[in-house]
Amino acid sequence: MTFKRFVEIGRVALVNYGKEYGRLVVIVDVVDQNRALIDAPDMVRCQINFKRLSLTDIKIDIPRIPKKKTLIAAMEEADVKNKWEKSSWGRKLIVQQRRASLNDFDRFKVMLARIKRGGVIRQELARLKKENAA
Amino acid sequence: MAPKKTRTGPRNPDLVPGIKKFSRSKMYHKRGLWAIKAKHGGKFPTHDAKPAPQPDVAAPEKAPKFYPADDVKKTRAKPKKNNPTKLRASITPGTVLILLAGRFMGKRVVFLNQLPSGLLLVTGPFKVNGVPIKRVNQAYVIATSTKVDISSVDVSKFDDKYFTKEKTKKAKKTEGEFFKSDEEKKSVLPQYKKDDQKAVDTALLKAIEAVPDLKTYLSARFSLRDGMKPHQLVF
């Protein structure tokens with residue numbers, strides 16, 4: 001039950017409430033007991049309450065309150081984007097976003113595909129059952 | 001750098017109705033009048049006054065023949081314009097629409113054209129889902145983002161008159177006929193309407209069959225299932 005993800009300078013976090021909902025940010029400084037200064041490559045640096053952040057496993061190596069250029073360079077070096085998109089949390093988020101953006105026709109096509117897949121699985125299962133029984 | 005904010009409200013907002021936030025001197029500064037004056041060498045740029053129109057010497061003013069006893073208001077003729085209902089931006093010719101009410105509730109249908117009355121002209125196509133060429137109100141329709149190529153379809157012959165019911169002449173009933181049960185006058189669909197339907201549909205079907213799964217999509221009805229939140233769905 002030890003803690004593994006700490007609030008520290010360079011910790012990558014996900015904003016889970018507010019105007020910047022869903023954005024990946026980096027903690028660049030701690031303001032006080034409740035707030036941190038966060039920054040992201042395409043965002044103006046701002047303060048945010050810790051309660052609005054969900055910490056991730058990713059940490060990058062930056063000095064306290066780096067310049068935008070330094071921050072972007074450090075993020076490229078640590079390959080934050082790819083690490084995030086490969087992580088199971090990141091992959092789940094991508095799937096959620098994809099599902100939410102499906103239009104009516106897409107949802108119909110997905111339904112047809114699921115029925116088809118189910119049919120193939122059931123066929124295979126029936127075949128295996130038959131083999132086993134024999 | 002923080003992004004430049006475009007002006008959202010008035011420069012001098014009302015604190016309370018009737019009381020503005022900034023004084024005259026502050027507003028003078030905010031409007032930049034000092035900068036305009038400095039640009040034009042200390043003076044505010046003015047236009048020269050237009051010369052007053054010279055009174056026509058040849059025709060002196062005549063006394064009017066009639067002075068009305070009461071003040072009569074001058075009415076201005078306002079031509080009344082009847083425009084068709086404003087079409088939602090998401091509805092363009094070829095859009096697949098979902099009908100929300102009526103016999104064909106839930107059917108996915110192709111939008112052809114807006115008629116002068118404001119109603120939308122739609123067709124199933126008939127062979128695909130049984131919806132004929134009909135008129136539909138924009139309010140009872142969800143527009144999806146799926147579009148069908150409609151360039152090969154000619155819809156110019158359809159207008160509101162095409163869809164009005166034909167007036168059946170009521171012959172006066174004699175006593176004997178009164179007690180005869182009304183023979184069911186079945187309204188048969190005139191052949192020209194069936195031909196029109198075919199003409200529109202054959203052109204449309206080619207475009208529909210070009211897209212995989214689109215035909216089965218149009219023949220299926222739309223319904224809400226578990227977990228579907230209409231306000232969060234993207235159509």
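Each chain carries its own residue numbering, running from 1 in the written order of its sequence. Chain letters start at A and ligand numbers start at 1, both assigned in the order the entries are written. Per-residue local features of the predicted model are confined to residues with pLDDT of at least 70, and side-chain atom pairs are confined, for both listing and counting, to 80 or more; whole-chain, interface and lining totals are unaffected and use all residues. Just so you know, side-chain values use all the structure's heavy atoms and leave hydrogens and water out.

Applicable threshold: UniProt positions are given in the numbering used here, feature names are shortened, and annotations may be inferred rather than shown by experiment.
Per an unreviewed UniProt entry, chain B is named 60S ribosomal protein L6, and its organism is Rhynchospora pubera. Turning to chain B, the UniProt record has this under Sequence similarities (unreviewed entry): "Belongs to the eukaryotic ribosomal protein eL6 family."

Chain A carries the name 60S ribosomal protein L14 in an unreviewed UniProt entry, which gives Rhynchospora pubera as its organism. Listed under Sequence similarities (unreviewed entry) in UniProt, the entry text for chain A is "Belongs to the eukaryotic ribosomal protein eL14 family."

## Digging into the overall build of chain B
In plain terms, the rule: Counting from the N terminus, the helices are DSSP H or I runs at least four residues long and the strands are E runs at least two residues long. When accessible area is computed with a 1.4 Å probe and restricted to protein chains, residues below 20% of their type maximum are described as buried, those above 50% as exposed, and intermediate ones as partly exposed. Contacts were defined at the residue level, with two residues in contact if any of their heavy atoms lie within 4.5 Å.
A tally of regular secondary structure across chain B gives 6 helices and 7 strands. From first element to last, N terminus to C terminus, chain B shows the α and β order β-β-α-α-β-β-β-α-β-β-α-α-α. Looking at chain B residue by residue over its 235 residues, the buried ones come to 26%. Intrachain contacts of chain B at a sequence separation of at least 6 include 60% that bridge at least 24 residues.

## A word on the packing of aromatic side chains
The condition is simple: Pairing of aromatic side chains requires ring centres within 6.5 Å, counting the rings of Phe and Tyr and the six-membered ring of Trp. Pairs whose planes differ by under 30 degrees are stacked, by over 60 edge-to-face, and all others tilted. The criterion is that NZ of a Lys, or CZ of an Arg, lies within 6 Å of the ring centre and within 35 degrees of the ring normal, and then a charge sits over that ring.
Taken as a whole, this structure holds 7 aromatic pairs over all chains when the rule is applied. Between the aromatic rings of Phe 158 of chain B and Tyr 162 of chain B, the centroid separation amounts to 5.0 Å while the plane-to-plane angle is 85°, which identifies the pairing as edge-to-face. Residue class for Phe 158 of chain B comes out buried when judged on its relative accessible area of 3%. Judged by relative accessible area, Tyr 162 of chain B falls into the buried class, the value being 14%. Joined through ring pairs, the aromatic side chains of Phe 158, Tyr 162, Phe 163 and Tyr 192 of chain B make up one cluster. In this arrangement the basic side chain of Arg 107 of chain A is found over the ring face of Phe 235 of chain B, its NZ or CZ atom lying 5.7 Å from the centre. For the cation-ring pair, Lys 109 of chain A lies above Phe 105 of chain A, with the distance from its terminal atom to the ring centre recorded as 4.4 Å.

## A few points about the confidence of the model for chain B
Residues and elements named next belong to chain B. Using the following cut-off: The quantity known as pLDDT measures the predictor's confidence residue by residue, on a range of 0 to 100.
For chain B, the mean per-residue pLDDT works out to 85, and 88% of the residues sit at or above 70. Mean pLDDT across the elements of chain B ranges from a minimum in helix H4 (residues 175-179), with 58, to a maximum in strand S3 (residues 95-99), with 95. On the interface metric, ipTM, the complex scores 0.78, and its pTM is 0.72.

## Observations regarding the interface of chain A and chain B
Often, the extent of an interface is quoted as the loss of accessible area upon association of its parts. Our working rule: Buried area, as used here, totals the accessible surface that two parts lose on assembly, with accessibility defined by a 1.4 Å probe and the loss added over both. By definition here, a salt bridge exists when the distance from a side-chain nitrogen of Lys or Arg to a carboxyl oxygen of Asp or Glu is within 4 Å.
Facing the 11 residues of chain A at the interface are 19 residues of chain B. Between chain A and chain B lies a buried interface of about 1,100 Å² when both sides are counted; carbon and sulfur atoms form 62% of it. Counting the contacts that link chain A with chain B gives 1 salt bridge. Salt-bridge contacts for Asp 104 of chain A lead to Arg 108 of chain B; the nearest nitrogen and oxygen are separated by 3.0 Å.

## Focus: the environment of Thr 144 of chain B
So the rule is basically this: For this analysis, a polar contact is any N or O atom pair within 3.5 Å, provided that within protein one partner can donate a hydrogen and the other can accept it, and provided that sequence-adjacent residues contribute only side-chain to side-chain pairs.
Relative to the elements of secondary structure, Thr 144 of chain B occurs in strand S7 (residues 141-147). Here Thr 144 of chain B falls in the buried class, since its relative accessible area comes to 2%. For the pair Thr 144 of chain B and Arg 108 of chain B, spaced 36 residues apart in sequence, the C-alpha to C-alpha distance is 9.2 Å. When sequence neighbours within four positions are dropped, the list of residues in contact with Thr 144 of chain B reads Asp 104 of chain A together with Thr 95, Val 96, Ile 98, Tyr 217 and Phe 235 of chain B. Within polar-contact distance, the side chain of Thr 144 of chain B engages the backbone oxygen of Val 96 of chain B at 2.6 Å. Among the polar contacts made by the side chain of Thr 144 of chain B, one reaches the main-chain amide nitrogen of Thr 146 of chain B at a distance of 3.4 Å.

## Observations regarding a nonpolar patch on the surface
To keep it simple, the criterion reads: Residues forming no salt bridge and having over 30% relative accessible area are the ones grouped into patches, like charges within 9 Å of each other and nonpolar side chains (Val, Leu, Ile, Met, Phe, Trp, Tyr) within 5 Å. We get accessible surface area from the Shrake-Rupley algorithm with a probe of 1.4 Å; when it comes to residues, only the shown protein chains can shield them.
On the surface, Met 1, Phe 3 and Phe 6 of chain A cluster together into a nonpolar patch covering about 460 Å² of accessible area. Residue class for Phe 6 of chain A comes out partly exposed when judged on its relative accessible area of 44%.

## Regarding the side chain of Asp 39 of chain A
Residue and element names in this part refer to chain A. Tracing the backbone through its elements, the reader meets Asp 39 in strand S3 (residues 35-39). A distance of 2.8 Å separates a polar atom in the side chain of Asp 39 from a polar atom in the side chain of Lys 68. Excluding residues that lie within four positions of it along the chain, Asp 39 makes contacts with Val 25, Val 26, Val 28, Val 44, Arg 45, Lys 68 and Leu 71.

## Describing the sheet that holds S3 of chain B
Residue and element names in this part refer to chain B. Defined as follows: Two strands are counted as paired when DSSP detects at least two bridges linking them. For helices, the fitted axis covers only the stretch in contact; all axes are lines through C-alpha atoms, and the angles between them, taken along N-to-C directions, range from 0 to 180 degrees.
With respect to topology, 5 strands assemble into an open sheet ordered S6-S5-S4-S3-S7, the strand pairing being antiparallel. Two strands in the sheet have a free side with no partner beyond their single neighbour: strand S6 (134-136) and S7. Neighbour-to-neighbour, the strand axes of the sheet open up by a mean angle of 45°, direction not taken into account. In terms of strand pairing, S3 meets strand S4 (residues 108-114) through 3 bridges, oriented antiparallel.

## Points about the nonpolar core
Spelled out, the test is: Residues belong to a common nonpolar core when they are buried Ala, Val, Leu, Ile, Met, Phe, Trp, Tyr or Cys residues joined through side-chain atoms within 4.5 Å.
In terms of nonpolar packing, the biggest core is built from 25 residues, with Leu 112, Leu 121, Val 148, Val 153 and Leu 218 of chain B touching the most fellow members. Top element by residues in this core is helix H5 (residues 191-209) of chain B. It accounts for 6 residues. In this structure, Leu 121 of chain B is in contact with Val 110, Phe 111, Leu 112, Asn 113, Leu 115, Ile 133, Lys 134, Val 155, Phe 158 and Phe 163 of chain B, ignoring residues within four places of it in sequence. Ranked by size, the runner-up nonpolar core spans 16 residues in total, among them Leu 24, Val 28, Ile 60 and Ile 62 of chain A.

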